[in-house]
Structures are given as C-alpha cells and as structure tokens.
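Structural overview
If you want the building blocks of each chain, they are given just below.
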Amino acid sequence: MSQRIKDFILDILFPAFCLGCGLEGTYLCDDCKAILEISEHQYCLCEKSALRIPLSEKKGKCQRCQNKKLSGIFFALSYKEKHLTRKLIHFFKYGPYYLKDLAKSLSLLIIDHISLLGKNQKALFENSILIPVPMEKKKLKKRGYNQSKELAKELAKKIEVPLVLNNLIKIKITLSQMELPEKKRKENLKDAFSCQNPEQIKNKKIFLIDDVYTTGSTMEECSKILRHAGAKEVWGIVVARD
Ligand SMILES: [Zn+2]
Ligand SMILES: [Zn+2]
C-alpha cells in the first residue's frame, strides 16, 4: 500500500483533534497555540543558560561553550513550562503512528520562534541543509516513524531548505541518555553515528533537527561527526528544551 493511501485511511480512521482542547481538525488549534509561550530569545547550549540570559546578536553560545562542536541551538518552547508542551512532545515521541502528523503544527512553532528572533530567514539558511537526528533501524521498525525526520521534512518544505536523509545514520543501539549519569553518556554515544557521504555536507551550514534538547550530548556527538566530515557549522533546531 502506498504511503499516501495509508495516510488517507489513517485520516479517516483517526481524525485529528487538538491536544489542548479536543477541537477536531487539527492537533493544535489556534487558541491553544496562543497559550504557548514561544521564545523570543536565543540561549546558550549549556545548562547555565537555564539562568535565562539571552545571547547577543550573532553569537550562538556563551564563552564557556566555545569549544563545543555545536554552534548553537534554536528552541521554540521550554519543556517544563506548560502542560500542553509536554503533552505535544510526549504524543509526538511515543504516540501512535498517525500522530506523526503533529510535525505540521510543531514545525510552525519553530518558524514562529525564528521570526520572533528577528532573524532574516534567507540569510540564516543560506548554503545550508537540514539533517534529522537519526534513529537506529530496529527502533524505527518498532516505532513506525522517526519524529525528528517528520519534523525535518515539514521544516524543509516550509522554509525551502534542502533536506538530506540517510547520510548521517545511527549504527549502534544506545540507552536513553536521560537515564544515564553524566560519565556514562559519552560512552553510550561513542561510535553511535556515522556519516555516509561527506561530499554532500562539505562546507555546508547544517541544521540538525530533533524534537527535544535535554542533555545536549546527542547533538554534540552528531556535530562532531558532521564537522569531522567537513561541515562548516552545525546548529541545532528543536521544538522544546528541557
Ligand atoms: Zn485547542
Ligand atoms: Zn554556554
């Protein structure tokens, strides 16, 4: 069965409903979206940025984080702030297959965030490509979809930036980073990712797409691989930050 027919049948069987108020027709209605506090500032990658010091123009990170491979992070929402944010992310991450469509609403939150920052979208995404944080095959098969890939697909369509799939891949099954102590996190991610085609990313500005940013170690590890393969810069884009 083709993907389009599959999606069409799912739409009939499971019509979309707002996760905030239950309104039919969308996973996030305008009224509920208005309650969410989309960030107007950019913050550093580090935990210290929980202090909520907005970064000055152009800089993606604070002085302490200069040697990190990731250049900076864009996140639309704070994970802990609103019940609805947690619900949206939870359903997107763990919900049934048809909820992959949530990517449409969530990508709009990211676009709103970028325009609230006052950044010139064209300049920001010049010479860039989008790459989703990959999922290993076994997990993907069990899960049905990779939420990061769905989000990246929607974003690529809306901001008209090329999407590169199957270049950065995950080759090792890892444990959830959140369940591990700091020391074990690095070890867990060691040799977990691989870049298949360095030519495709050489000298490009890369935007890594994921649903949430928690410890940051996954994105940092992906950045390391991509920078090693020749990427000019690697930035992260997520819906929410823990
Ligand atoms: Zn609603
Ligand atoms: Zn920092």
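Quick caveat, the model's predicted, so the values are computed rather than measured.

Helix and strand counts for the chain stand at nine helices and six strands. At 18 Å, the chain has a C-alpha radius of gyration in line with the 18 Å of a compact globule built from 242 residues. With 242 residues in all, the chain has 33% of them scored as buried. Pairs at least 24 apart in sequence give 72% of the contacts found in the chain among residues at least 6 apart.

Another aspect to go through is the environment of Arg143. Residue position: Arg143 is located in helix α6 (residues 137-143). The spatial distance from the C-alpha of Arg143 to the C-alpha of Leu163 is 22 Å, given a sequence separation of 20 residues.

The next point concerns the nonpolar core. Leu208, Ile209 and Val239 are the most contacted members of the largest nonpolar core, which has 50 residues in total. The element best represented in this core is helix α4 (residues 102-116), accounting for six residues. Residues contacting Leu208, with those up to four places away along its chain left out, are Ile131, Val133, Met219, Cys222, Val234 and Gly236.

Strand order in the open sheet made by the four strands is β1-β6-β5-β2, with parallel pairing throughout. Each edge of the sheet is formed by a strand with only one pairing partner; in this case those strands are β1 (72-78) and β2 (128-132). Averaged over neighbouring strand pairs, the angle between their axes works out to 20 degrees when direction is ignored. Relative to strand β6 (residues 233-241), β1 is paired through six bridges, and the arrangement is parallel. By the bridge assignment, Phe74 is partnered in β6 with Ile237. Across the sheet, helix α3 (residues 83-94) touches β1, β5 (205-213) and β6, and the angle it forms with β5 is around 105 degrees. The sheet strands contacting helix α9 (residues 217-228) are β5 and β6, and the helix crosses β5 at an angle near 165 degrees.

Analysis parameters
Residues numbered from 1 in each chain as written. Chains lettered and ligands numbered in written order. Predicted model: local features only at pLDDT ≥ 70, side-chain atom pairs only at ≥ 80, totals over all residues. Helix = DSSP H or I, 4+ residues; strand = E, 2+ residues; numbered from the N terminus. Rg over C-alpha atoms; globule rule 2.2 N^0.38 Å. Buried ≥ 20, exposed ≤ 12 C-beta atoms within 10 Å, placed from the backbone. Contact = placed C-beta atoms within 7 Å. Core = buried A, V, L, I, M, F, W, Y, C linked by C-beta atoms within 7 Å. Pairing = 2+ DSSP bridges. Axes fitted to C-alpha atoms, helices over the stretch in contact; angles between N-to-C directions.

Such coordinate-based values are descriptive only and should not be taken to indicate function.
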